[in-house]
Amino acid sequence: GTIAAGDRPHREWIRLGDPARAMLGGLRGMLVAAGIDVEESLQVGRAPEDATVLVRRTSQPLASLVRAINKYSSNFGAEILLRHLGARVPPGTRSTEAGLEAVRRCLDRWGVERGRLILADGSGFAPANRLTARALTGVLAAALQHPAWGPELVVSLPRAGEDGSLRRRLASLRGRVRAKTGSLARVASLAGLLTTRNGRTVVFAVLVNASRGEVPRGSPDALVRALAQDLDTPRTAAERAEPN
């Protein structure tokens, strides 16, 4: 595209296939621009024990990273975070499979049913991935029960009609819905929390699939609106006693 003269600066976030090499290339460019000769080619590997640290940059807190990933559906960020999880469990391999094993252990600790769950990557792009509404609601329910990390996960979810990937959706439920969106070819999903008129918090997950053709993209939103209306409708004592 083009940017007209006098327009405000435009910032575009891009995916780096090799962040380490990109950083080295940028650093070499800065050194050369400062008049410092750099003769050797770029090499990526483990630094020697006696290496001198030139600069150190600390990552943002995990809560901030999760918030950015969930608010704006950063598939690449989710994949990188998964691999870092793999480095935290023995034998400490920064790989997708090691990260998936760490996730499986967490799900088991939280009592999340994963019998029909298939996790193939962190980005969600792998065709082998299979999620269930029960597993998603299980994770959300666990967040409500774990004060050490649950609130951070909840606030990372986009707010209906306000921010993130829900800023233009579910405006009628502004202030009452926080949810993560999901969209692929022939897939539309939404999972999060709904606050009823009487202040009760309800977890929900809507997964809509189409075997062929286009999936109706508005289906998850329509179902959440219907759920909110149903939960907000006053019921008689007899109706409340009936099994759902």
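In what follows, the structure referred to is the one given above.
Because the structure is predicted, anything quoted here is derived from the model rather than measured.

A. Spatial organisation of the packing of helix α2 (residues 62–71) against helix α3 (residues 75–86). Two elements in contact, α2 and α3, have axes whose closest approach is 9 Å; the angle formed by their N-to-C orientations is 145 degrees. Each of L62, V66 and I69 in α2 lies in contact with α3, whose residues at this interface are G77, A78 and L81. Its residues assigned to classes, the contact of α2 with α3 shows five nonpolar, one polar and no charged.

B. Structural view of α2. Among the residues of α2, those classed as buried are V66, I69, N70 and K71. Buried residues along α2 sit in contact with α3, α6 (150–156) and β1 (177–184). Of the residues flanking the end of α2, it is S73, one or two places downstream, whose phi is positive at about 50 degrees.

C. Looking closely at the sheet that holds strand β2 (residues 187–195). Ordered by their spatial adjacency, three strands build an open sheet running β1-β2-β3, and the pairing between neighbours is antiparallel. Every other strand in the sheet has two partners, leaving β1 and β3 (201–209) as the edge strands with one partner each. Across this sheet, the average inter-strand angle for adjacent strands is 5 degrees, counted without regard to direction. Sheet contacts for helix α5 (residues 133–145): β2 and β3; angle to β3, the most-contacted strand, approximately 155 degrees.

D. Region of the structure containing the packing of α3 against helix α4 (residues 96–109). Where α3 meets α4, the closest approach of the two axes is 7 Å, and the angle between their N-to-C directions is 80 degrees. The angle between the axes of α3 and α4 places the two elements in the roughly perpendicular class. Packed against α3, whose contacting residues are E79, L82, R83, L85 and G86, the element α4 presents T96, A98, G99, L100, A102 and V103 at the interface. Each residue belonging to the contact of α3 with α4 can be placed in one class, and the counts come to six nonpolar, three polar and two charged.

E. The arrangement of the layout of surface pockets in detail. If you add up the space inside the second largest pocket, you get close to 2,100 Å³. Taken together, 31 residues make up the lining of the second largest pocket; nearest its centre are P19, S59, L65, F76 and I80. Going through the elements one at a time, α1 (19–33), α2 and α3 are the ones with two or more residues in the lining of the second largest pocket. The element best represented in the lining of the second largest pocket is α3, accounting for seven residues. Looking at the lining of the second largest pocket residue by residue, the classes come out as 17 nonpolar, nine polar and five charged.

What counts and what doesn't
- Residues numbered from 1 in each chain as written.
- Predicted model: local features only at pLDDT ≥ 70, side-chain atom pairs only at ≥ 80, totals over all residues.
- Heavy atoms only, no water.
- Axes fitted to C-alpha atoms, helices over the stretch in contact; angles between N-to-C directions.
- Helix = DSSP H or I, 4+ residues; strand = E, 2+ residues; numbered from the N terminus.
- Contact = heavy atoms within 4.5 Å.
- Nonpolar A, V, L, I, M, F, W, Y, C, P; charged D, E, K, R; others polar.
- Buried < 20%, exposed > 50% of the residue type's maximum accessible area, 1.4 Å probe, protein only.
- Pairing = 2+ DSSP bridges.
- Parallel < 35°, antiparallel > 145°, perpendicular 65-115°, else oblique.
- 1 Å grid on protein atoms, 1.4 Å probe; cavity = no way out; pocket = protein on both sides within 12 Å on 5 of 7 lines; lining within 4 Å.
- Points joined across faces, edges and corners; volume = space filled by probe spheres on them.

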